[in-house]
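The residues making up each chain are set out below.
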Amino acid sequence: AQSVSQHNHHVILSEAASLELGCNYSYGGTVNLFWYVQYPGQHLQLLLKYFSGDPLVKGIKGFEAEFIKSKFSFNLRKPSVQWSDTAEYFCAVNQGGTNAGKSTFGDGTTLTVKP
Amino acid sequence: EAGVAQSPRYKIIEKRQSVAFWCNPISGHATLYWYQQILGQGPKLLIQFQNNGVVDDSQLPKDRFSAERLKGVDSTLKIQPAKLEDSAVYLCASSLGVGQGQTQYFGPGTRLLVL
């Protein structure tokens, strides 16, 4: 069974600091990769996704993520965080092929941005 | 566009009682997912439907959990009898299909507390 590891459970940053959240997965075949975000009191929503092509993916609100196949990683980055980025962030992985759509989620990283 | 609807939003029951959750996906979405999210963990897939057929239910505890998706639209998830460890948020999500990179849209979830 595949697994997803998010190394940081809670990250606290000041506004304008740079952000990098780690995500590693275990499956060695074709994968689709996602970052979801859950703002306080809101639903889980897609931040960005990778399924092929340029391994550097840009998402909403200035977030980006880089797929490094050799490291089984899909780290999320933002050069300058804002207070409104305070949320919980989840990395998720789908296997490609017949299991496409079956997502395995990491346990999430809570980001707190101090104004 | 209306999002994924779920009800009830909150439910408190005693152990050994039964409970049912309802989900209405986004119109036209063929794929529907039920996830269980225990506090401090990421969502775990319980069951995935494609139209009204089950694609994956490998992580559904079938001795107590059941789910159906009549007519390929709404879905219900039932727990009978409930255990203390079933306390969690139950998330419903839908997507257009199961092709590569299909984005899942999540509902607000049902928060279940088993006493």
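Look a little higher up for the structure.
Residues numbered from 1 in each chain as written. Chains lettered and ligands numbered in written order. Predicted model: local features only at pLDDT ≥ 70, side-chain atom pairs only at ≥ 80, totals over all residues. Heavy atoms only, no water.

Caption draft 1: Layout of the overall build of chain A. Helix and strand counts for chain A stand at 0 helices and 12 strands. The order of α-helices and β-strands along chain A, N terminus first, is β-β-β-β-β-β-β-β-β-β-β-β. Relative to the compact-globule value of 13 Å for 115 residues, chain A shows a C-alpha radius of gyration of 14 Å, a close match. Here chain A holds 115 residues, and 46% of them are scored as buried. Expressed as a percentage of contacts within chain A between residues at least 6 apart in sequence, the contacts between residues at least 24 apart total 56%. For chain A, the computed accessible surface area is about 5400 Å², with 51% contributed by carbon and sulfur atoms. (Helix = DSSP H or I, 4+ residues; strand = E, 2+ residues; numbered from the N terminus. Rg over C-alpha atoms; globule rule 2.2 N^0.38 Å. Buried < 20%, exposed > 50% of the residue type's maximum accessible area, 1.4 Å probe, protein only. Contact = heavy atoms within 4.5 Å. Areas by Shrake-Rupley, 256 points an atom, 1.4 Å probe, with all protein chains shown as cover.)

Caption draft 2: Spotlight on the interface of chain B and chain A. Taken together, the 22 residues of chain B in the interface contact 17 residues of chain A. Between chain B and chain A the total buried area reaches about 1700 Å² when both faces are included, carbon and sulfur atoms providing 51% of it. Where chain B touches chain A, the interface holds 0 salt bridges. For the pair chain B and chain A, the number of links is 4 residue pairs in polar contact (both at pLDDT 80 or more). The element contributing the most residues to the side of chain B that touches chain A is strand β4 (residues 31–37) of chain B, with 3 residues. (Buried area = accessible area lost by both parts, 1.4 Å probe. Salt bridge = Lys/Arg side-chain N within 4 Å of Asp/Glu carboxyl O. Polar contact = N/O pair within 3.5 Å; in protein donor to acceptor, adjacent residues only side chain to side chain.)

Caption draft 3: How the structure looks around the nonpolar core. In terms of nonpolar packing, the biggest core is built from 28 residues, with Leu33(A), Trp35(A), Leu47(A), Leu48(A), Phe74(A), Leu76(A) and Tyr89(A) touching the most fellow members. The residues contacting Leu48(A), other than those within four sequence positions of it, are Leu33(A), Phe34(A), Trp35(A), Val57(A), Lys58(A), Gly59(A), Phe63(A), Glu64(A), Ala65(A), Phe74(A) and Leu76(A). (Core = buried A, V, L, I, M, F, W, Y, C linked by side-chain atoms within 4.5 Å.)

Caption draft 4: Main features of the pattern of salt bridges. All names here are of chain A. Applying the stated rule across the entire model yields 6 salt bridges over all chains. Between glutamate 64 and lysine 58 there is a salt bridge, and its shortest N-O distance comes to 2.9 Å. Looking at glutamate 64, the relative accessible area reads 17%, which means it is buried. For lysine 58, a relative accessible area of 62% translates into the label exposed. Glutamate 64 is the salt-bridge partner of arginine 77, the closest N and O atoms lying 3.3 Å from each other. Note that arginine 77 is positioned in strand β9 (residues 73–78) and glutamate 64 in strand β8 (residues 64–68), a separation of 13 residues in sequence. Classification of arginine 77 by relative accessible area gives partly exposed; the value is 22%.

Caption draft 5: Structural context of the pairing of strand β6 (residues 44–50) of chain A. Residues and elements named next belong to chain A. Bridge count for strand β5 (residues 31–38) against β6 is 6 bridges, and the pairing is antiparallel. Bridge pairing in β6 places valine 37 opposite glutamine 45. Between β5 and β6, which follow one another and run antiparallel, lie 5 residues, and glycine 41 among them has a positive phi close to 75°. (Pairing = 2+ DSSP bridges.)

Caption draft 6: Representation of the side chain of Ser75(B) in the model. Residue and element names in this part refer to chain B. In this structure, serine 75 sits in strand β8 (residues 75–79). Polar contacts involving the side chain of serine 75 include one to the side chain of tryptophan 34, which spans 2.9 Å. Here the side chain of serine 75 touches glutamate 68 through a polar contact of 2.9 Å, landing on its backbone oxygen. Each residue touching serine 75, except ones within four places of it in the same chain, is listed here: Phe21, Trp22, Cys23, Leu32, Trp34, Phe49, Glu68 and Arg69.

Caption draft 7: Structural detail: the sheet that holds β8(B). Residue and element names in this part refer to chain B. With antiparallel pairing, the 4 strands of this open sheet are ordered in space as β1-β3-β8-β7. A strand with exactly one partner marks an edge of an open sheet, and here the two such strands are β1 (5–7) and β7 (65–68). In this sheet, neighbouring strand axes are inclined to one another by 15° on average, regardless of whether the strands run parallel or antiparallel. Pairing of β1 with strand β3 (residues 19–24), which is carried by 3 bridges, proceeds in the antiparallel orientation. Bridging across to β3, glutamine 6 finds its partner in cysteine 23. (Axes fitted to C-alpha atoms, helices over the stretch in contact; angles between N-to-C directions.)

Keep in mind these values describe shape, not function.
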